[in-house]
Amino acid sequence: MREQQHLLEVSNLNGWYGESHVLHGMTFNVGAGEIVTLLGRNGAGKTTTLRAIMGVVRKRRGAITYKGSDIISLPQHKVPWLGIGYVPEERGIFATLNVLENLMLPPVTQSGGMGIDDIYQLFPNLRGRDQTPGTRLSGGEQQMLAIARILRTGADFILLDEPTEGLAPVIVEEIAASLQVLKQRGLTIVLVEQNLRFAASIADRHYVVEQGVVVDEIANEVLPASMDRLNSYLGV
Amino acid sequence: MTEIFGVPFAVLLGQLLLGLINGSFYALLSLGLAIIFGMLNVINFAHGAFYMLGGFAALVAFNTLGIGYWPSLIVAPLAVGLIGVVVEKLLLRHLYKMDHLYSLLLTFGVALMLEGLFRHLFGSAGKPYPLPEALSGGINLGFMFLPAYRAWVIVASLGVCLVTWYAIERTRLGAYLRAATENPSLVQAFGINVPVMLTLTYAFCVGLAGFAGALAAPLYQVSPGMGSNLIIIVFAVVVIGGMGSIIGAVVTGLSLGLIEGLTKVFVPSASAIAVFLVMVAVLLLRPSGLFGRER
């Protein structure tokens, strides 16, 4: 465990969708340069946690601090300007925008973002597709586009929601490789995943989420030895 | 002179010109309505009232402040846009999450109140607005006489429609707007202040209505009822073009103006209902409108 100051600290986070209480005191932290996953069954509250950090879920209680300062009281549109990027579940590619417009949509919030050439090098499939409507891309390409547009903004802390959902194994490998590149560039990633093999191939630590609370923390090195424990949580 | 189906060519062209002018106003108004519907999900029944406000803004600016026609083409939309900001921030914003019907009723109420207020202040009768001197003449095209002001109305409204279309379809700001229409919360999560953007969108669109009102002032008279006479047809235009489709609103506005003009020549008694007949036919064949996307 890193003892130095964490980049993100979430403590006793409660969150609601309207009347329904979804997060019941999530507590976890993420250090700079780490890839940390939130594992858990459907409906455990993983996606809601990311949405609560971004401020998409407004009704929250508890503390979320980023680089030592509270972000729960920030207006939603200010959060990305801290350098936090969000790649949502279902990818969020806009059908009325073409690939280039989708790529250029999020404003650059910090210096140090990837240039278009670097992005095409990382995701060659996106090259030459500028004028294609965003949702005409294949599922894997849309996922790459969703990641690529955040890399362009200069965000160095990225919330990534189920990037492998519904994708073919070959594409999953490509996305895993691209995340490795991002890690080498020093980016910090919080990853929500159901695909254990994928998660194990890139993450440093895993948090297990059940019914809106973190119930366990597993370092990636001991993951193989903890498979029984994990499977009982995930019910696979 | 030549005749077409027993109608003199000049008469036909004259009516087509009138139709094109009406169509220009339809286009300007339905463009704003379509954007407001697309982005804010609001059926803005106050649009006609904002058009009327634009006419009165130009009139009052001229009579009491001595502001002439040309500056009032900027002043009137700005004034109307400011009122739009107030209406959106104070009232409309609270209804976004509710059914369309609430914002429809609200804007309808706003329209009635504005119309009533201006009836009270200015009376129901139309007030004339002088033709700007530079555009008082006309051009003899050989086969017909084209009044300069009418030509200007067509050019100006087409120009404004084109610029608006370009801004929305081809610029970065437009991409924000289109994206926010699809998924406002994600656009917000990219760091864009969507509520402010929606306020400005509403202000801009009602400002367009104000511009149309100022443009109409010298052509028709300025009266409190000028908007409500027009708004029903403009809504038909939006429905025919496809709710929320920008290009649809412009093309449909112009073509319906022309169709109306043609019916005036060939079946004068049907001219008042021509637009609605087209609407019925379009809704039967393409329920989402000519340019609309299925939802």
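Residues numbered from 1 in each chain as written. Chains lettered and ligands numbered in written order. Predicted model: local features only at pLDDT ≥ 70, side-chain atom pairs only at ≥ 80, totals over all residues.

If you look chain B up in an unreviewed UniProt entry, it shows as Branched-chain amino acid ABC transporter permease from Borborobacter arsenicus. Database annotation for chain B, UniProt heading Sequence similarities (unreviewed entry): "Belongs to the binding-protein-dependent transport system permease family. LivHM subfamily." Under the Subcellular location (unreviewed entry) heading, UniProt states for chain B: "Cell membrane". (UniProt positions renumbered as here; feature names shortened; annotations may be inferred.)

Could you clarify how one ought to interpret the overall build of chain B in this entry?
The helix and strand inventory of chain B stands at 11 helices and 4 strands. Against the 2.2 N^0.38 benchmark of 19 Å for 295 residues, chain B shows a C-alpha radius of gyration of 19 Å, consistent with a compact globule. Oriented by its inertia axes, the alpha-carbon framework of chain B measures out at about 65 × 50 × 35 Å. Relative to its 295 residues, chain B shows a buried fraction of 48%. (Helix = DSSP H or I, 4+ residues; strand = E, 2+ residues; numbered from the N terminus. Rg over C-alpha atoms; globule rule 2.2 N^0.38 Å. Buried ≥ 20, exposed ≤ 12 C-beta atoms within 10 Å, placed from the backbone.)

I tried to follow the UniProt feature "transmembrane region" (unreviewed entry) in chain B on my own but got confused; where do I start?
Residues and elements named next belong to chain B. Taken from the UniProt record, the annotation "transmembrane region" (unreviewed entry) applies to residues 12-37, 73-92, 104-122, 149-168, 200-220, 232-259 and 265-285. Secondary structure across residues 12-37 divides into 100% helix and 0% strand, with the first and last C-alpha atoms of the span separated by 35 Å. Annotated as 81% helix and 0% strand, the span residues 200-220 places its first and last C-alpha atoms 29 Å apart.

It is not clear to me how the pairing of strand 9 (residues 205-210) of chain A should be interpreted in this structure. Could you clarify?
Two faces belong to every sheet, and in a regular strand the side chains alternate between them. Residue and element names in this part refer to chain A. In terms of residue burial, strand 9 counts as a mostly covered element, since 5 of its 6 residues are buried. Relative to strand 9, strand 3 (residues 35-39) runs parallel, the two sharing 4 bridges. Bridge pairing in strand 9 links Leu39 to Val208. Across 6 bridges, the pairing between strand 9 and strand 10 (residues 213-219) is antiparallel. The residue bridging Tyr207 from the neighbouring strand is Glu217, located in strand 10. (Pairing = 2+ DSSP bridges.)

Would you mind going over the sheet that holds strand 8 (residues 188-193) of chain A with me for this structure?
Adjacent strands of a sheet pair through backbone hydrogen bonds, lying either parallel or antiparallel. Residues and elements named next belong to chain A. Read across the open sheet, the 6 strands follow the order 6-7-8-3-9-10; overall the sheet is mixed. Both outer strands of the open sheet, strand 6 (84-87) and strand 10, are each paired with one neighbouring strand and no more. Each strand axis lies, on average, 20° off the axis of its neighbour in the sheet, ignoring direction. Relative to strand 7 (residues 157-161), strand 6 is paired through 4 bridges, and the arrangement is parallel. Bridging from a neighbouring strand, Tyr86 pairs with Leu159 of strand 7. (Axes fitted to C-alpha atoms, helices over the stretch in contact; angles between N-to-C directions.)

Would you mind going over the nonpolar core with me for this structure?
Nonpolar side chains in soluble globular proteins tend to end up buried together. Of all hydrophobic cores here, the largest spans 150 residues; its most connected members are Leu159 of chain A together with Leu29, Leu31, Ala212, Val234 and Val238 of chain B. For this core, the leading source of residues is helix 1 (residues 9-40) of chain B, giving 16 residues. Other than its neighbours up to four places away in sequence, Val238 of chain B contacts Ser30, Leu33, Ala34, Phe37, Met243 and Ala249 of chain B. (Core = buried A, V, L, I, M, F, W, Y, C linked by C-beta atoms within 7 Å. Contact = placed C-beta atoms within 7 Å.)

Looking at this model, I keep getting lost on the environment of Ile116 of chain A. Mind explaining?
With respect to the helices and strands, Ile116 of chain A occurs in helix 3 (residues 116-122). Each C-alpha atom of the pair Ile116 of chain A and Leu103 of chain A lies 9.0 Å from the other, and the pair is 13 residues apart in sequence.

What's the story with the interface of chain A and chain B in this structure? I'm lost.
Taken together, the contacts link 18 residues of chain A with 13 residues of chain B. Each residue belonging to the side of chain A that touches chain B can be placed in one class, and the counts come to 12 nonpolar, 5 polar and 1 charged. (Nonpolar A, V, L, I, M, F, W, Y, C, P; charged D, E, K, R; others polar.)

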